[in-house]
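Listed here are the chains, written in short residue letters.
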Amino acid sequence: MAKTPTPAELLPGLSYKPPEKGWMDVKPDFRPGTYCNPAAPKWMEWINYPYPEARSVENDVWALPPDWKETVLQGMEDRLNRFRSLKVFFDICVRCGACADKCHFFLGTGDPKNMPVLRAELLRSVYKRYFKTIGRALGEIAGARNLTEDVIKEWFFYLYQCTICRRCSLFCPYGIDMAEMTLLGRELLASVGLNIDWAMASVAQCYDKGSHIGAPPQAFKDMVDFLAEENERITGITTTPSYNRKGAEVLFVMPSGDYFADPGTFTMMGYLLLFEHIGLDYTLSTYAAEGGNFGWFISHEMGKRLNAKIYAEAKRLGVKWILGGECGHMWRVCNQYMSTWWGPVDFLEQPVSPITGTRFENAAVHKMVHISEFTADLIHNNKLNLDPQRNAHIKMTFHDSCNTARGMGILEEPRYIINNVLPEGNFVEMPPNTIREKAFCCGSSSGINANENMELRMQGGFPRANAVRFVADKYGVNHLGCICALDRATLPTLLQYWVPEVEVTGITELVGNALIFPDELERTTDLRDRDLVGFGEAEEAGEEEE
């Protein structure tokens, strides 16, 4: 594995100087640290994906199937017919450049092909050559080029340097969706056996075992039970999870990152405490133990396959509606695709909070509510007993996760929660052009959060980290909050590299810290076993006097 340059080594090499050659004449530089490894054959075999083959991108000749060119062109034609948006996006771009400096990967690498307008051109140039009269007649003069192995290599390199965050689309005067073009381009690559290992391994294990981490149902239960025991040790409160219980009112679905690895596990502990506090009639499913969906990073078809278990379990268990945890790509899929794939969802009811009576009208179609919406409603209706002082050791800023912010419009709910669980003055916003709809991505989403491309990840995450550095230096911020499990998996590495004094936290973790139970232990630590500010100090002072 390539050695990752230090920040001091990385930044001096950043340049936005225009290249001397035309973009068609510049081939991608597959330098260790800047690309993802191709998928191992076994993962593709597990899910019956085509052309499983051991591949190395550093080889001059790739192991492509004999009819690869026909497969790709037929696939493009099929998608042009099925997705009218793809043809529109290919045809309406006027190369105005409004998106050029909006991509975090262009800002972090200086590579012109990471400008969204030029990344789209990698695909559009082939579309013009084979599906437009002017391209067939004039070739490169009209911006068209032949589909060659070098073009396929270029697609593989750059389509996995897009995190499908849609920040560029926000600034496009025509609303061209680069994320959709990237996803369809990845589908074309998958059709000839080209996938990345990190994403495909997660997908195969989720399809086979039920979660991206490959945990069978027994392991899922053991991990959640352990976190419930941790809650009892720290707070004295028993938070007994319910599994596969038929007739519960709510099915709760969370990403595996929230019960598998820190800091997500502290968010899971927060969920359990919250549900115990309000007496929610909920159940977990050991079958639908993964709300996240790496399959969507590979193809619409694979995303649909992995998503099927959520509605299937909701129907089997006979719940009324679904509550979902803090996960970005889970919510992009559930909010924008799930009901279209499987609807109408007539076996579920429109979600109504059993605690406040609030009817979640925005969930009328897909019958699923985000935990931040649910919690903000509880706080708004004075249903939670909270002590913000228990989070006094946390000076926080908030990262708007791309899928929940730009993809769903969940902007105010997490901020409302934060301002009610932190002491006044402990929440600071990053600069306005880096948050809310304009938020910079973590730089490692859409399945590229591997280890072998760490240099690229640190480059892509630089704009986000730079904004965190600003508020850390100016206001003493020591925590970055988010409502996405993938962010909680990737941002700690990014911040350790660029802003090591800042930690990452989920928002429900802060709720768990602040909740007051009538029969709790005397609280002196938060859910991470860190000392609380001002708690237990009087007792300690008395002991010292004796």
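A brief look at the structure comes next. All values reported here derive from a predicted model rather than from experimental measurement.

### A few points about the nonpolar core
Generally speaking, nonpolar side chains in soluble globular proteins are found buried as a group.
Part 1 of the reasoning: Counting residues in hydrophobic clusters, the biggest one holds 77 residues, and the most contacted among them are Leu147, Trp155, Phe156 and Met181.
Part 2 of the reasoning: Setting aside its immediate chain neighbours within four residues, leucine 147 contacts Trp68, Lys69, Val72, Leu73, Val126, Tyr130, Ile152 and Trp155.
Part 3 of the reasoning: One finds Ile322, Met338, Val345 and Ile418 within the second-largest nonpolar core, a separate group that totals 72 residues.

### What to know about helix α6 (residues 116-131)
Part 1 of the reasoning: Here α6 contains 16 residues, and its C-alpha end-to-end distance of 22 Å stays within 8% of the 22 Å for a straight helix at 1.5 Å per residue.
Part 2 of the reasoning: Maximum bend of α6: about 40°, positioned at leucine 122.
Part 3 of the reasoning: Among the 16 residues in α6, 13 count as buried, and that is most of the element.

### So, the packing of aromatic side chains
Part 1 of the reasoning: Following the criterion strictly, the structure yields 23 aromatic pairs and no others.
Part 2 of the reasoning: When the centroid spacing of 4.8 Å and the interplanar angle of 65° are considered together, the rings of phenylalanine 220 and tyrosine 259 count as edge-to-face. In this pair, phenylalanine 220 sits in helix α12 (residues 217-235) while tyrosine 259 sits in helix α13 (residues 257-260), placing the two residues 39 residues apart along the sequence. Each member of the pair, phenylalanine 220 as well as tyrosine 259, is classed as buried.
Part 3 of the reasoning: Counting every residue linked through ring pairs, the aromatic cluster contains Phe30, Tyr35, Trp62, Phe156, Phe157, Tyr158 and Tyr160.
Part 4 of the reasoning: The ring of phenylalanine 440 carries the charged tip of arginine 167 above its face, separated from the ring centre by 3.9 Å.
Part 5 of the reasoning: We note arginine 305 situated over the ring of tyrosine 207; from NZ or CZ to the ring centre the distance is 4.9 Å.

### Describing the sheet that holds strand β7 (residues 503-506)
Part 1 of the reasoning: Pairing within the open sheet is parallel, and its three strands lie in the order β5-β6-β7. Because the sheet does not close on itself, it has two edges, and the strands there are β5 (396-398) and β7. Averaged over all neighbouring strand pairs, the angle between strand axes comes to 35°, with direction disregarded.
Part 2 of the reasoning: In this sheet, strand β6 (residues 479-482) lies alongside β5 in parallel orientation, the contact comprising three bridges. Across the sheet, the residue bridging to methionine 396 is histidine 479, located in β6.

### Digging into the state of the cysteines
Part 1 of the reasoning: Here the structure, examined in full by the defined rule, presents zero disulfides.
Part 2 of the reasoning: With no disulfide of its own, cysteine 327 has cysteine 484 as its nearest cysteine by sulfur position, at a separation of 5.5 Å.
Part 3 of the reasoning: With relative accessibility at 0%, the residue cysteine 327 sits in the buried group.
Part 4 of the reasoning: The thiol of cysteine 482 is unpaired, and the distance to the nearest cysteine sulfur, on cysteine 484, comes to 6.5 Å.

What counts, and at which threshold
- Residues numbered from 1 in each chain as written.
- Predicted model: local features only at pLDDT ≥ 70, side-chain atom pairs only at ≥ 80, totals over all residues.
- Heavy atoms only, no water.
- Core = buried A, V, L, I, M, F, W, Y, C linked by side-chain atoms within 4.5 Å.
- Buried < 20%, exposed > 50% of the residue type's maximum accessible area, 1.4 Å probe, protein only.
- Contact = heavy atoms within 4.5 Å.
- Helix = DSSP H or I, 4+ residues; strand = E, 2+ residues; numbered from the N terminus.
- Expected span 1.5 Å × (residues − 1).
- Bend = angle between axes of the 7 residues up to and from the residue.
- Phe/Tyr/Trp six-rings, centres within 6.5 Å; stacked < 30°, edge-to-face > 60°.
- Lys NZ or Arg CZ within 6 Å of the ring centre and 35° of its normal.
- Pairing = 2+ DSSP bridges.
- Axes fitted to C-alpha atoms, helices over the stretch in contact; angles between N-to-C directions.
- Disulfide = S-S within 2.5 Å.

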